[in-house]
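# Residue-level structure breakdown
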Amino acid sequence: MKKGTQMNKTLTASVALIALGTTAAGAADMAVKAPPPPPPVPVFSWTGFYIGANIGGAWSNNRWHDTLFLTNFNNNNNGRFIGGGQIGGNYQIGNFVIGGEWDFDWAGNNNNNGAGVFIPGVGAIAVTNNNNRWITTVAARFGWAVDHWMFYGKAGGGWVGNNNFTVTNLTTGASFTCGTFGLTNCGNNAGGWLVGAGFEYAFTNNWTVKFEYDYLGLGNRTFVIPATAPFLAGDTFTSNNRNVQMVKVGVNYLFNWGAPAASRY
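Note that the coordinates shown come from a computational prediction; the quantities given were computed from them, not determined experimentally. (Residues numbered from 1 in each chain as written. Predicted model: local features only at pLDDT ≥ 70, side-chain atom pairs only at ≥ 80, totals over all residues. Heavy atoms only, no water.)

We now examine the pairing of strand β13 (residues 221-224). Residues Arg221 and Phe223 point to one face of β13 and are all buried, whereas Thr222 and Val224, pointing to the other face, are not buried. Bridge analysis of β13 against strand β14 (residues 236-254) gives four bridges, and the strand direction is antiparallel. In the strand pairing of β14, Arg221 is matched with Ser239. (Buried < 20%, exposed > 50% of the residue type's maximum accessible area, 1.4 Å probe, protein only. Helix = DSSP H or I, 4+ residues; strand = E, 2+ residues; numbered from the N terminus. Pairing = 2+ DSSP bridges.)

Here the structure, examined in full by the defined rule, presents 10 aromatic pairs. The interplanar angle of 10° and the centroid separation of 6.2 Å between the aromatic rings of Trp149 and Phe151 together place this pair among those described as stacked. Residue class for Trp149 comes out partly exposed when judged on its relative accessible area of 38%. With centroids separated by 6.2 Å and ring planes inclined at 45°, the aromatic side chains of Trp149 and Phe199 adopt a geometry described as tilted. Highlighted residues: Trp149 in strand β8 (residues 149-161) and Phe199 in strand β11 (residues 189-202), separated in sequence by 50 residues. Ring pairing ties together the aromatic residues Trp149, Phe151, Phe199, Tyr201 and Phe211, which thus form one cluster. (Phe/Tyr/Trp six-rings, centres within 6.5 Å; stacked < 30°, edge-to-face > 60°.)

Turning our attention to the nonpolar core. One finds Trp64, Ile125, Val127, Val167, Ile225, Leu232 and Phe237 to be the most contacted residues of the largest nonpolar core, which totals 16 residues. When contributions to this core are tallied by element, the ones reaching two or more residues are β5 (115-119), β6 (123-129) and β9 (165-169). Other than its neighbours up to four places away in sequence, Val167 contacts Ile125, Ala126, Ala174, Ser175, Phe176, Ile225, Phe231 and Leu232. Grouped together as the second largest cluster of nonpolar side chains are 11 residues, Ala107, Leu194, Leu218 and Met246 included. (Core = buried A, V, L, I, M, F, W, Y, C linked by side-chain atoms within 4.5 Å. Contact = heavy atoms within 4.5 Å.)

Here we come to the side chain of Ser60. Here Ser60 lies in strand β1 (residues 48-66). One polar contact links Ser60 to Arg80, side chain to side chain, over a distance of 3.5 Å. (Polar contact = N/O pair within 3.5 Å; in protein donor to acceptor, adjacent residues only side chain to side chain.)

Under the definition given, this model contains eight salt bridges. Of the charged contacts, one joins Glu212 and Lys154 as a salt bridge, the two residues approaching to 2.9 Å between their closest N and O atoms. One end of the pair, Glu212, is in strand β12 (residues 207-218); the other, Lys154, is in strand β8, with 58 residues separating them in the sequence. Judged by its relative accessible area of 4%, Lys154 is buried. (Salt bridge = Lys/Arg side-chain N within 4 Å of Asp/Glu carboxyl O.)

Moving on: the pairing of β8. The sheet contact formed by strand β7 (residues 134-146) and β8 spans 13 bridges and is antiparallel. In the strand pairing of β8, Arg141 is matched with Lys154. The hairpin formed by β7 and β8 contains two residues between the paired strands, and Asp147 there has a positive phi angle of roughly 55°.

Encoded structure:
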């Protein structure tokens, strides 16, 4: 009796060991559950409104012609410092970015756009548009975005504020300006067309830096010297090929209010 009981206990233990081994082997063969995938990397978007500041330089060209002596002269591309700000908006569709921008810059260097020529029998003559005090442009922008980089062109219009057009005889010191001797066509503003190109880089989620070149082509202007003037009476001065070229470095804060939620950081 005791011998049978001992055999049953041994058999039961063997079966238990076999079952435990089978269970352990099965557990070892089970696939390990994969960890969840990382969240998708947010896609940067240029969509939104922005405001910023800029500094740079501007170079003006202004060729003159007078009808009395048929002389031609220019201002030798006077350069000056400019600084101001800009505001605009972008909307990104795929890699394509469209938008618009308005900027305003104060211009240093008064008494620029001066041009001089020696006229036989009259003397050395200087023609000056004094105090070109500001430049402003309004343009559409068309860009191609590559993540945080955007390369763009722009097209629109611009205006230059100037006053006190003056003609001076450098030999005698005599001069006259707008408002004297009935000098005509002395408007304060001059406008024209604008083209430009540049690139912009977003170095944080909202801050961007840009480099830009602009060409502002201005319309011709004509000034008639009245018959009562002390010199050049009856002469007509016409400016042509007038333009201002600008190079700017700027920084913008991008609000990206209009960006899709999936594209925001």
